[in-house]
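Letter by letter, the chains look like this.
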Amino acid sequence: MNQIISILAVFLCLLSTISGAAKESFIPPTKIETLAEKAQKPIMEAGMYEDTFTSSANRKIYYTLRIPENMTENMPMIVWLHGANGMTGTWVQNHKGVAVAADNLNEERFIIIQPQSYGNWFERYTYDAIVELIDAVAEKTHTGSRNIILCGSSMGGVGVYAMGQYDAADKTGIFAGLCPVSGTCYLDIDDLLRSSVPIYSMYAEYDGYDVKQSMEAVAKRLDGVHHDNMIKCFENTHHEAMAALPFDEAFFDWAYEAYRNACKAATATDE
């Protein structure tokens, strides 16, 4: 009897070992993600990001990046240049210009880059650094690095004129549209005036006389030259409000149309 019990115990032990080995060797099937499923995933999660970029000339640029919902490849990009009050990072973080406007309007058609300047936007080396930043963000987000909408307020508006001139002089063709806001045009912009880049200028009723006079003078020179040249005055508005107020639905619609036209022109040139 004891011998039978011993044999039965050995048998049960072997059966348990075989069953355990079978469980350990079982590998659940791997779910293979289809290309369609992969394409539906966002490249980056929506939200506001903060990062730094160092240019080839060793210029370190702090910037904020707004990623819209359901971002796709080749999505258009807006770059906003802050005013002189934005020389400190705190101001830019609390007054995010176009990004704040996009949040308020639930505007999801654009990636928005807002770089931080520690000097001014007028110098050639600043333009070069910003172009490198645009290329770096484009690579990170899998978007095109051309056909950018460049806008800026106050000192940033001056920077829009300057960077538009540098781009036109080099015939680089980075910008699909320019939107200077309450910024005096200090520099010679003859190359920009001869280009076909659409310019949407905006200023406040209570801006300084030099700002309004300068922007009106540029708009007058553009009449009959550009196919899409507009200038708008915001009534009962002061200079400080122009950091966010002008970026309304009309601005975003204009920016998207400028982007689409630039893409069509590029396609026609390639053909």
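Residues numbered from 1 in each chain as written. Predicted model: local features only at pLDDT ≥ 70, side-chain atom pairs only at ≥ 80, totals over all residues. Heavy atoms only, no water.

### Here's the deal with helix H4 (residues 97–105)
- All of the buried residues in H4 are Gly97, Val98, Ala99, Ala101 and Ala102.
- Following H4 by one or two positions, Asn106 adopts a phi angle in the positive range, close to 55 degrees. (Buried < 20%, exposed > 50% of the residue type's maximum accessible area, 1.4 Å probe, protein only. Helix = DSSP H or I, 4+ residues; strand = E, 2+ residues; numbered from the N terminus.)

### Focus: the sheet that holds strand S3 (residues 77–81)
- Overall, mixed pairing links the eight strands, which are arranged S1-S2-S4-S3-S5-S6-S7-S8 in an open sheet. Among the strands making up the open sheet, the edge pair consists of strand S1 (47–54) and strand S8 (229–234). For this sheet, the mean inter-axis angle between neighbouring strands, taken without regard to orientation, is 20 degrees.
- Where S1 meets strand S2 (residues 60–67), eight bridges bridge the pair, whose relative direction is antiparallel. Of the residues in S2, the one forming a bridge with Tyr49 is Leu65.
- Lying on the sheet, helix H6 (residues 155–170) is in contact with S3, strand S5 (148–153), strand S6 (175–181) and strand S7 (199–204); it crosses S6 at an angle near 150 degrees.
- Here helix H8 (residues 209–222) sits on the sheet and contacts S6, S7 and S8; the angle it forms with S7, its principal contact strand, is near 155 degrees. (Pairing = 2+ DSSP bridges. Axes fitted to C-alpha atoms, helices over the stretch in contact; angles between N-to-C directions. Contact = heavy atoms within 4.5 Å.)

### A few points about unusual backbone geometry
- You will see that Asn74, though not glycine, has its phi angle at about 60 degrees, which is positive.
- Here Asn74 shows up in the loop between S2 and S3.
- Relative accessible area serves as the criterion here: at 48%, Asn74 is assigned to the partly exposed category.
- If you check the backbone angles, Asn236 has positive phi at about 55 degrees while not being a glycine.

### So, the environment of Asp223
- Among the secondary structure elements, Asp223 is positioned in the loop between H8 and S8.
- Under the relative-accessibility criterion, Asp223 is labelled exposed at 53%.
- Separated by 30 residues in the primary sequence, Asp223 and Leu193 place their C-alpha atoms 9.9 Å from one another.

### A few points about the pattern of salt bridges
- Counting across every chain of the model gives 10 salt bridges.
- Put simply, Asp103 and Arg66 hold a salt bridge, and the shortest N to O gap is 2.7 Å. With Asp103 in helix H4 and Arg66 in strand S2, the pair connects residues that are 37 residues apart, well separated along the chain.
- Residue Asp103 is classed as partly exposed on the basis of its relative accessible area, which comes to 41%.
- The salt bridge partner of Arg66 is Glu108, with a shortest N-O separation of 3.4 Å. With a gap of 42 residues between them, Arg66 in strand S2 and Glu108 in the loop between H4 and strand S4 (111–115) connect regions that are remote in the sequence.
- One continuous salt-bridge network, built from bridges that share partners, spans Arg66, Asp103 and Glu108. (Salt bridge = Lys/Arg side-chain N within 4 Å of Asp/Glu carboxyl O.)

### Side note on the packing of helix H5 (residues 124–141) against H6
- Two numbers describe how H5 lies on H6: the axes approach to 10 Å, and their chain directions differ by 80 degrees. Of the possible angle classes, the one that applies to H5 and H6 is roughly perpendicular. Contacts between H5 and H6 involve Arg124, Thr126, Tyr127 and Ile130 on the former and, on the latter, Met163, Tyr166, Asp167 and Asp170.
- Across the contact of H5 with H6, the residue classes break down as four nonpolar, one polar and three charged. (Parallel < 35°, antiparallel > 145°, perpendicular 65-115°, else oblique. Nonpolar A, V, L, I, M, F, W, Y, C, P; charged D, E, K, R; others polar.)

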